[in-house]
Amino acid sequence: MTNTTPIQPHNERPAAVWSSGGAGYDQISRGIADSIEHCVLRLNPQRGERILDLATGTGWTSRLVAKRGAKVTGADIAGDLLGAARERAKAEGLDIEYQVGDAEKLPFADGQFDAVISTCGIMFATRPELAAAEIARVTRKGGRATLTTWLPDSNLFKMFMVMKPYMPAPPTPAPPSPFEWGKQERVRELLGSSFDLRFEKGTSFYREPNGEAAWNTFSTGYGPTKALAGSLDEARRAELRRDFIAFHDGFPTELGICVPRDYLLTFAMRR
């Protein structure tokens, strides 16, 4: 079975939000490059394997996997991020296929991939059960998946808490928190019926010259922060900027700032 619907209606707005980061999103991936390396290492891509990078963004993970000799497809709901991914892959001489793909209804055949990888991406799917079922569907029997997901008490979560007072009130009932994916028991609920699971914790270190540089990176390249800043009047935007900078300046070193951000790595073997 192959689904052909590009983006489902309820995901059109998230697609636009994430797309707004454009090529600048690559700097967000640069900030988690250590965790991406960790995820690729545990996946251990082999030459010629068919591997899906799900929620590929601007393709940082897909490029690492392709350099291992795998045949990589990158999928995302954000068309502008995919455009930047294609340009970057071309510049690096990498043959990677990128296409629009809704994680909750992927345009791929059953068992099409030897492996699936998603680095802090799948956790933002609006309907987690559907996304988890799709990972299982497109992974062949005996195949595998690796995921990195932010812990619910991580500094990445705390960064979102800085932004929360400036966000509109969530609908009722509130959508599931993406940070639930950072709990082993929740990942077992989502994937345990189709995969044998093993876990490993990790810490990613986000480094910038200062908090202002962090604000510039996120307000231009990270869809949720950029869209939020763009939705506010000048005074509220200045307050958000102040709070965002202050949070990141709370992690000083002698050379700048370094924010430790804890994550869960899931290794899943398809039964």
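In case you missed it, the structure is sitting above this.
Summary of the structure given here. In this text, all values refer to a predicted model and were calculated from it rather than measured experimentally.

Time to look at the pattern of salt bridges. Applying the stated rule across the entire model yields 18 salt bridges. The closest approach of N and O atoms between R137 and D110, which form a salt bridge, is 2.7 Å. You can see R137 sitting in helix α6 (residues 128-138) and its partner D110 sitting in the loop between β3 (97-100) and β4 (113-119), a full 27 residues away along the chain. Within the structure, one salt-bridge network assembled from shared partners comprises D26, R63, K67, R88 and E92.

With that settled, consider the side chain of S194. Locating S194 in the fold gives a position in the loop between α8 (184-191) and β6 (195-208). S194 gets classed as buried once you look at its relative accessible area, which sits at 19%.

What follows concerns the environment of L190. As for its position among the elements, L190 is in helix α8. L190 gets classed as buried once you look at its relative accessible area, which sits at 9%. Along the sequence, L190 and E129 sit 61 residues apart, while their C-alpha atoms lie 6.0 Å from each other. Each residue touching L190, except ones within four places of it in the same chain, is listed here: P128, E129, A132 and W181.

We now examine the layout of surface pockets. Each pocket or cavity is described by its volume, and for the second largest pocket that value is around 230 Å³. Lining the second largest pocket are 14 residues, and of these K71, V72, T73, D95 and E97 lie nearest its centre. Examining the composition of the lining of the second largest pocket, we find that three residues originate from one element, strand β2 (residues 71-76), more than from any other. Considered class by class, the residues forming the lining of the second largest pocket number seven nonpolar, three polar and four charged.

Turning next to empty space enclosed by the protein. The gaps of empty space that remain are located by a probe, the size of a water molecule, rolled over the atoms. Considering all chains together, one arrives at one cavity of 30 Å³ or more under this definition. In this structure, the largest cavity encloses a volume near 130 Å³. I28, I32, W150, L156 and Y222 are the residues nearest the centre of the largest cavity, which is lined by 15 residues in total. Contributing elements (two or more residues each) for the lining of the largest cavity: α2 (25-31) and α9 (211-221).

Moving on, we come to the packing of α9 against helix α10 (residues 223-231). Interaxial distance between α9 and α10 falls to 5 Å at its minimum, and their mutual angle equals 85°. What the angle tells us is that α9 and α10 run roughly perpendicular. On α10, the residues touching W215, F218, S219, T220 and G221 of α9 are G223, T225, K226 and A229. Counted by class, the contact of α9 with α10 contains three nonpolar, five polar and one charged residues.

This part covers the nonpolar core. In this structure, L52, L54, I122, M159 and Y222 are the most contacted members of the largest nonpolar core, which totals 81 residues. Looking at which element gives the most residues to this core, the answer is strand β7 (residues 257-270), with six residues. Leave out the neighbours within four places in its chain, and M159 touches F218, Y222, F244, F247 and H248.

Below, the discussion takes up the environment of R86. Looking at the element boundaries, R86 is found in helix α5 (residues 79-91). Remark: the alpha-carbon pair of R86 and Q99, spanning 13 residues in sequence, is separated by 9.7 Å.

It is worth spelling out the sheet that holds strand β1 (residues 50-54) at this point. Strand order in the open sheet formed by seven strands is β3-β2-β1-β4-β5-β7-β6, with mixed pairing between adjacent strands. Either end of the sheet is taken by a strand with one partner, and the two such strands are β3 and β6. Strand-to-strand twist of the sheet, defined as the mean angle between neighbouring strand axes without regard to direction, takes the value 20°. As paired elements, β1 and β4 share three bridges and run parallel to each other. Residue pairing in the sheet places I51 in a bridge with A115 of β4. Where α8 meets the sheet, its contacts fall on β5 (139-150), β6 and β7, and the angle it forms with β6 comes to roughly 130°.

Rules behind the numbers
Counting restarts for each chain: residues are numbered from 1 in the order of the written sequence. For this predicted model, a pLDDT threshold of at least 70 governs which residues receive local features, and a threshold of 80 or more governs which side-chain atom pairs are given and counted, while totals over whole chains, interfaces and linings are taken from all residues. Hydrogens are left out, water is left out, and the side-chain values use all remaining heavy atoms of the structure. Salt bridge, as used here, is a side-chain nitrogen of Lys or Arg placed within 4 Å of a carboxyl oxygen of Asp or Glu. Going along the chain from the N terminus, every DSSP run of H or I of four or more residues is numbered as a helix, and every run of E of two or more is numbered as a strand. Throughout, exposure labels follow a simple rule: accessible area from a 1.4 Å probe, protein chains only, divided by the maximum for the residue type, with under 20% read as buried, over 50% as exposed, and the rest as partly exposed. Here, two residues are considered to be in contact whenever any of their heavy atoms come within 4.5 Å of each other. In the cavity and pocket records, a cavity denotes points on a 1 Å grid over the protein atoms alone where a 1.4 Å probe fits but cannot get out, a pocket denotes an open set with protein on both sides within 12 Å along at least 5 of 7 lines, and lining residues are residues with an atom within 4 Å of a point. Grid points are joined across faces, edges and corners, and a volume is the space filled by probe spheres set on the points. Residue polarity is assigned by list, with Asp, Glu, Lys and Arg as charged and Ala, Val, Leu, Ile, Met, Phe, Trp, Tyr, Cys and Pro as nonpolar; anything else, Gly included, falls into the polar class. Inter-axis angles, ranging from 0 to 180 degrees, are taken between N-to-C directions of lines fitted to C-alpha atoms, where helices are fitted over the stretch in contact. Roughly parallel covers angles under 35 degrees, roughly antiparallel covers those over 145, roughly perpendicular covers 65 to 115, and oblique covers all other angles. Working definition of a nonpolar core: buried Ala, Val, Leu, Ile, Met, Phe, Trp, Tyr and Cys residues. They are joined through side-chain atoms within 4.5 Å. By definition, two strands form a pair when at least two bridges between them are found by DSSP.

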